[in-house]
Amino acid sequence: MRKLLIFVFTWACATAHAQVNPFLCCEDTCAHTHGIDMSHYQGEVFWETIGEHTNMAYVYLKATEGGDRIDPRYERNIDLAHRYGLKVGSYHFFRPKTNLQLQLKNFKAQCLPGEQDLIPMLDVETTGKLSTEAFCDSLFKFLNLMEEAYHQKPLIYTFRNFYNKHLQGKLDDYQLMIAMYSEEQPILEDGRDYSIWQYTSKGRIMGVSSEVDKSRFMGKHSLREIRFVR
């Protein structure tokens, strides 16, 4: 009975500690380089708190989507993220059926080279109900436009299952951020290496009241590999 009481007490204390300190996370206990991505979905963000009280090294900010959508918090977020010490990159949510020149124009109007620490990122999550062949044709035309505009290949963000279904063997020249929300690291079916793993969409971080996407570099990959070259 006494051992049972001790076990219950220990469990209760551990549970209470977790409730008191919900922000004790992977990045506080490991040596990996961690970061976040943010958009207007996070609402008001206290960047000073993030800069001073977390171990986040970088942030990718949503700038645009499709041909005409602009994230309403992008300008404020990029200004304050810089001010409080994070390395910043910007991303575009790709719509494969939307005019590619309009998408590039939309992104270029927001993603200004002088404000970037990290290479642009393309968020690839949907085929737009196109066949894989038609989707890939649109995607690679847009990737070429981005490379011509910024003189460097963009980082590509996508989910493991989406990659395995539509992109296997097609992105060998590009760095990847792979999303899979699991304790196990994702493995791509073609054995492809990737630079960054987005491991949760439900992260907690001081300075943000809502849930946050968190990611970390894999293996020997580092921030230097995605540095924006001016």
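Before reading further, recall that the structure is shown in the block above.
In short, a report on the structure. Keep in mind the model is a prediction, meaning the values are calculated, not measured.

About the criteria used
- Residues numbered from 1 in each chain as written.
- Predicted model: local features only at pLDDT ≥ 70, side-chain atom pairs only at ≥ 80, totals over all residues.
- Heavy atoms only, no water.
- Helix = DSSP H or I, 4+ residues; strand = E, 2+ residues; numbered from the N terminus.
- Contact = heavy atoms within 4.5 Å.
- Areas by Shrake-Rupley, 256 points an atom, 1.4 Å probe, with all protein chains shown as cover.
- Axes fitted to C-alpha atoms, helices over the stretch in contact; angles between N-to-C directions.
- Parallel < 35°, antiparallel > 145°, perpendicular 65-115°, else oblique.
- Nonpolar A, V, L, I, M, F, W, Y, C, P; charged D, E, K, R; others polar.
- Buried < 20%, exposed > 50% of the residue type's maximum accessible area, 1.4 Å probe, protein only.
- Right-handed = clockwise from strand over helix to strand, strands pointing away.
- Pairing = 2+ DSSP bridges.
- Polar contact = N/O pair within 3.5 Å; in protein donor to acceptor, adjacent residues only side chain to side chain.

### Concerning the overall build of the protein
Right, on to step 1. For the protein, the count of helices and strands is 7 helices and 9 strands.
Right, on to step 2. Long-range contacts, defined here as pairs at least 24 residues apart, represent 64% of the contacts in the protein between residues at least 6 apart.
Right, on to step 3. Total accessible area computed for the protein in this model is approximately 12200 Å², and 53% of it derives from carbon and sulfur atoms.

### Observations concerning the packing of helix α6 (residues 132-150) against helix α7 (residues 160-167)
Right, on to step 1. Look at α6 against α7: their axes get within 10 Å of each other, and the N-to-C directions meet at 105 degrees. In terms of orientation, α6 lies roughly perpendicular with respect to α7. Residue-level contacts link T132, F135, C136 and L139 of α6 to F162, H166 and L167 of α7.
Right, on to step 2. Residue composition of the contact of α6 with α7, grouped by class: 5 nonpolar, 2 polar and no charged.

### Quick look at the pairing of strand β7 (residues 176-179)
Right, on to step 1. Residues L176 and I178 of β7 are buried on one face, and the alternating residues M177 and A179, pointing to the opposite face, are buried as well.
Right, on to step 2. Following the chain from strand β6 (residues 155-159) across α7 to the adjacent parallel β7, one finds a crossover that is right-handed.
Right, on to step 3. Pairing of β7 with strand β8 (residues 196-205) involves 3 bridges; the strand directions are parallel. Bridge pairing in β8 links I178 to W197.

### Some thoughts on the pairing of strand β4 (residues 87-93)
Right, on to step 1. Of all the 7 residues making up β4, 6 are buried; the element is thus mostly covered by neighbouring parts of the structure.
Right, on to step 2. The pairing of β4 with strand β5 (residues 121-123) spans 3 bridges and is classified as parallel. Considered in β5, the bridge of H92 is made with L122.

### Structural notes on α7
Right, on to step 1. Within α7, burial applies to F162, Y163, N164, H166 and L167.
Right, on to step 2. Of the residues flanking the end of α7, it is G169, one or two places downstream, whose phi is positive at about 70 degrees.

### Digging into the side chain of S215
Right, on to step 1. For S215, the position within the fold is in strand β9 (residues 208-217).
Right, on to step 2. The class for S215 is buried, based on a relative accessible area of 2%.
Right, on to step 3. Within the local environment of S215, its side chain forms a polar contact with the side chain of Y58, the two groups lying 2.6 Å apart.
Right, on to step 4. With residues up to four places along the chain from it excluded, the contact list for S215 reads T33, H34, G35, I36, Y58, M177, I196, W197, Q198 and Y199.

### Notes on the environment of T126
Right, on to step 1. Residue placement: T126 occurs in the loop between β5 and α6.
Right, on to step 2. Ignoring any residue separated from it by four or fewer positions in sequence, one finds T126 in contact with F93, F94, R95, P96, F135 and F162.

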